[in-house]
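Residues per chain are reported as follows:
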Amino acid sequence: MNLGGLNKAPRFTLRRRNGQLAIHGSEKVFLGYSLDDHDGVWTKWNWDGTRFDLATDRYGIYPTYYFKEGASFGVSTSATELLKAGANAELDDTAIAVFLRLGFFLGEDTPFRQIRALPPGCRISESADEWRLQSSPFAPVKDGLAPTRSAAIAEFGKRFQTAVDRLVPGDQTRVCVPLSGGRDSRHILLALLNGGNRPASCVTLKHFPPKSNEDARIAAEVAAAVGVQHVIIEPHNDPIAAELKKNEMTNFCADEHGWSLALVNYVRDGGFNVLYDGIGGDVLSAGLFLTPENLNLYRRGKLLELAELLLGHEGRLPKMLTATAYHRWRRELALERLVTELSLYSSHPNPIGQFYFWNRTRREIALMFWSILGRDAHAFAPFLAAPVFDFLASLPVEYFLDYGFHTEAIAVSYPEYANLPYEVKDSNSIRQNWVDLAHWSQKVMRYCVLGARGNSIRRSHMLPRLLKGLIDPNYGAQQLNLWTIPLYLEQLARLEQGLSVRIEQ
């Protein structure tokens, strides 16, 4: 295995003008990890004095961005760094229209019209007389004789165990497994132990109210059953500041992950340099987002109806956004863009799973480990090992419709732990301290109302909800989700104006 560097937001920019060449930043970069067959999660580039070459992994999943304007070119793992380097901060209204409804960006879209994410299997070459960008999107496996469901479950277990065994780091590493009450992280933990590779610790982060902490309880039970140290971390004590910082760290491409910032100090202070991430396991093996209804629409080619279904109801957007902003980021833009993206996966055995993998998984979920935690530790992703991914992507979608495929695979591979429970998502909610809610509401008020630089959010929508949150702790606890979009849009407005997006202390 080839282990690269950590994500310290490297940047390379190049400008050619009147026969003169100006370059700045990191000329040689390799981030992530690759295996002997070039499997892995990575991005790399090299400038040799006359020519620039870049390549990404087969998924394009390591978060990396670029801009190209005339004779200027820039690449970085940080969109903010590209804006500093001269990329235009003009917003992409179609991309944002999608994001406001789905919570993630599609394809290579970002909130900025000029900045793009690097595509899967990307290759870029740049010299005085050439500019070339190529990509190799994943092609579905051709129809053939599929194994029976039971045989597929057994084969999945074997391939996954091999993938984890291949991702074991050297002796000078300290391993941590972020453990939830679900299947993906548990599968990784059991495979590590089965291969004789005991992690130093498992860690679970508590949620903000109103979500319960059933997740932490189940994870603790699993860790105790296998005899691995387990640590439970309290959530960030200032979720508003965390949300703003998270948006910067994820290049304004995710509506979640603010909670994960509480893990950063634990990873750094504990000296952990390797984490294992279950990314991809849910959509590839557990049928996440898959329903008979959306599958039927896909198979019948009813992509507009499917897009309407996936976008869901407009919810609070019409009342939250000003009339101008709501028209600017109107639903019709999102629908058209989503239909175009959906059409790319119609020929896959599980088109729903592939759509969500190449968009939500690749463009949002990956950001937690490689844009946030990836600054202090390497993240290994065994579900993305090519033999695992390709096998699961080739199976008949019917194998996943009962949502039991992954559960059964874990039970078959590690029968001694088959009776351990999994998290129940709809457990009782919990309350938040009133003093905290008052403090958080005051911060949102100052940032999004009193100190607002944008004009996309209706004050008449924000003010009564902020006040109600001060009076009713149950309502206030739910406000953390309601504040996500106003905070995000205010940050984008400040970026457009060249202002700081940090919260004033």
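To be clear, the structure that these remarks concern was listed above.
Residues numbered from 1 in each chain as written. Predicted model: local features only at pLDDT ≥ 70, side-chain atom pairs only at ≥ 80, totals over all residues. Heavy atoms only, no water.

Participant: Describe helix α9 (residues 292–299), and please don't skip the residues or the numbers.
Facilitator: Every buried residue belonging to α9 is among Asn294, Leu295, Leu297 and Tyr298, and all of these are buried. Projected onto a plane normal to the axis of α9, the buried residues spread over an arc of 160° and lie on a single side. Exposed residues on α9 whose side chains face more than 90 degrees from its buried face are Pro292 and Arg299. Where α9 is buried, its residues touch α10 (303–311), α13 (331–342) and α14 (351–372). Backbone geometry just after α9 places Gly301 at a positive phi near 75°. (Buried < 20%, exposed > 50% of the residue type's maximum accessible area, 1.4 Å probe, protein only. Helix = DSSP H or I, 4+ residues; strand = E, 2+ residues; numbered from the N terminus. Arc of directions from axis to C-beta. Contact = heavy atoms within 4.5 Å.)

Participant: Any details on the environment of Leu492? Residues and values, ideally.
Facilitator: Position of Leu492 among the secondary structure elements: in helix α20 (residues 484–496). The spatial distance from the C-alpha of Leu492 to the C-alpha of Tyr447 is 13 Å, given a sequence separation of 45 residues. Setting aside chain neighbours within four positions, we find Leu492 in contact with Leu91, Ile96, Pro111, Phe112 and Phe252.

Participant: How would you summarise the state of the cysteines if you had to cite specific residues and measurements?
Facilitator: A covalent bond bridging the sulfur atoms of two cysteines is what the word disulfide describes. Scanning the model with the defined rule gives zero disulfides in all. A disulfide-free cysteine, Cys202 has its sulfur positioned 6.9 Å from the sulfur of Cys176, the nearest such atom. In this structure Cys253 is not part of a disulfide, and its nearest cysteine sulfur, from Cys122, lies 16 Å away. (Disulfide = S-S within 2.5 Å.)

Participant: Requested: an account of the packing of aromatic side chains, with residues and values cited.
Facilitator: The description of an aromatic ring pair rests on the distance of the ring centres and on the angle between the ring planes. Considering all chains together, one arrives at 27 aromatic pairs under this definition. Between Phe104 and Tyr356 the ring centres are 6.1 Å apart and the planes differ by 65°, which places this aromatic pair in the edge-to-face class. Placement of the pair is Phe104 in the loop between α2 (93–102) and β9 (116–117) and Tyr356 in helix α14, with a sequence separation of 252 residues. When sorted by exposure, Phe104 lands in the same class as Tyr356, which is buried. Measuring from ring centre to ring centre gives 5.0 Å for Phe357 and Trp358, while their planes differ by 90°; the resulting arrangement is edge-to-face. Trp358 matches Phe357 in its accessibility class, with the two residues each being buried. Just above the ring of Trp131 sits the side chain of Lys68; from NZ or CZ to the centre is 5.2 Å. In this arrangement the basic side chain of Arg494 is found over the ring face of Tyr447, its NZ or CZ atom lying 4.0 Å from the centre. (Phe/Tyr/Trp six-rings, centres within 6.5 Å; stacked < 30°, edge-to-face > 60°. Lys NZ or Arg CZ within 6 Å of the ring centre and 35° of its normal.)

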